Amino acid sequence: MNARQFRWLMNVYPPYLFTGIRVDRVSADFAEVDVSMPLRWYNKNAVGTQFGGSLYAMADPFLMLMTLRLMGEDHVVWDQSAQIDFVSPGRGTVYAKFRMPPAEIERLRREAAGGHAVRPQYRVDLTDNDGKIVAAVKKTLYVRRKKDRPARAGA
C-alpha cells in the first residue's frame, strides 16, 4: 500500500470518519503523518470542547503504523502503552504531527538486532491553530526483530 492509499483508507476508516479526524498528509516514505480534527457537534464533550477520546484517537495508531512500515516485515511492532495529558481546552481544530526520522529507525534496528525487545517512548503534542498545546500524548512502542528472520542490512 502506498502513502496515498493509506491516507485514503484512514480517512474512510469509521472511527476516524465519524469523529471528524482527518489524515491530511502522509509522506511517500511513511516517515511523516499530519492529522487534524475540527471541533464539530459530534465530537464535543459536555462543556463544548474537544472530546478526550477523540483527541486520543488522533494519536493512537500512527507511531506504531509508521514504525512498522519503516522497520519492515522482519520486525514486530506493537503499541505497548499510552498516556494522555489534557493541557488546555480544544475549542477549534486540533492538529498532530508525527515524525519518525531515519536515524531513529536505524537506532531501533540496531538495538533490536539481537532479538531483544526495544521499548522506545515518544511524545506527540496535539495543538490548536495558534500552536498552543491542547493535549500531550506519550506512547511506548514494543519493537523486536522476529526470531525466525535474520536482520537485513539497511532495510
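Cut-offs and rules
Residues numbered from 1 in each chain as written. Predicted model: local features only at pLDDT ≥ 70, side-chain atom pairs only at ≥ 80, totals over all residues. Heavy atoms only, no water. Pairing = 2+ DSSP bridges. Helix = DSSP H or I, 4+ residues; strand = E, 2+ residues; numbered from the N terminus. Axes fitted to C-alpha atoms, helices over the stretch in contact; angles between N-to-C directions. Core = buried A, V, L, I, M, F, W, Y, C linked by side-chain atoms within 4.5 Å. Buried < 20%, exposed > 50% of the residue type's maximum accessible area, 1.4 Å probe, protein only. Contact = heavy atoms within 4.5 Å. Salt bridge = Lys/Arg side-chain N within 4 Å of Asp/Glu carboxyl O. Parallel < 35°, antiparallel > 145°, perpendicular 65-115°, else oblique. Nonpolar A, V, L, I, M, F, W, Y, C, P; charged D, E, K, R; others polar. Patch = residues over 30% accessible without salt bridge, like charges linked within 9 Å, V, L, I, M, F, W, Y side chains within 5 Å. Areas by Shrake-Rupley, 256 points an atom, 1.4 Å probe, with all protein chains shown as cover.

A. Representation of the sheet that holds strand β4 (residues 94-99) in the model. The sheet built from six strands is open, its strands ordered β1-β2-β4-β5-β6-β3 with antiparallel pairing. If you trace the sheet from one side to the other, it starts and ends with β1 (22-26) and β3 (75-86), each paired once. For this sheet, the mean angle separating the axes of adjacent strands, direction not counted, is 20 degrees. Note: strand β5 (residues 121-127) against strand β6 (residues 133-145), seven bridges, orientation antiparallel. Its bridge partner lying in β6, Thr127 is registered against Ile133.

B. How the structure looks around the nonpolar core. Core analysis: the biggest nonpolar cluster contains 39 residues, and Val33, Val35, Met58, Phe62, Phe98 and Leu126 have the highest contact counts within it. Element by element, the count of residues in this core is highest for helix α4 (residues 62-71), at six residues. Beyond its immediate sequence surroundings of up to four residues, Leu126 is in contact with Leu55, Val94, Tyr95, Ala96, Lys132, Ile133, Val134, Ala135 and Val137.

C. View of unusual backbone geometry. Phi at Phe30 takes a positive value of approximately 65 degrees, unusual for a residue other than glycine. Its location among the elements puts Phe30 in the loop between β1 and β2 (32-37).

D. Quick peek at the pairing of β5. For β4 and β5, the ladder comprises two bridges, and the chain directions are antiparallel. Note on β5: the bridge partner recorded for Ala96 is Leu126.

E. Main features of the pattern of salt bridges. What the rule picks out here adds up to 11 salt bridges. Between Asp125 and Arg123 there is a salt bridge, with its nearest N and O atoms 2.7 Å apart. On the basis of relative accessibility, which here comes to 28%, the residue Asp125 falls in the partly exposed class. Counted as one network, the salt bridges with shared partners bring together Arg25, Glu32, Asp34 and Arg99.

F. Fine view of the pairing of β6. With respect to burial, β6 is a largely interior element, 11 of its 13 residues being buried. Pairing of β3 with β6, which is carried by 11 bridges, proceeds in the antiparallel orientation. Opposite Val76, over in β6, you have Arg144 as the bridge partner. Linking β5 back to β6 in an antiparallel pair, the connection comprises five residues, with Gly131 at a positive phi of about 85 degrees.

G. Fine view of the packing of α4 against helix α5 (residues 102-112). Closest axis-to-axis distance for the α4/α5 pair is 10 Å, and the angle between their directions is 70 degrees. Relative to α5, the element α4 lies roughly perpendicular. When α4 is examined against α5, the residues Thr67, Leu70 and Met71 are found in contact with a partner set consisting of Ile105, Leu108 and Arg109. In terms of residue class, the contact of α4 with α5 is made up of four nonpolar, one polar and one charged.

H. Fine view of a nonpolar patch on the surface. The grouping of Met1, Trp8, Leu9 and Val12 at the surface amounts to a nonpolar patch, some 420 Å² of accessible area in total. Assignment of secondary structure puts Val12 in helix α1 (residues 3-12). Residue Val12 is classed as partly exposed on the basis of its relative accessible area of 34%.

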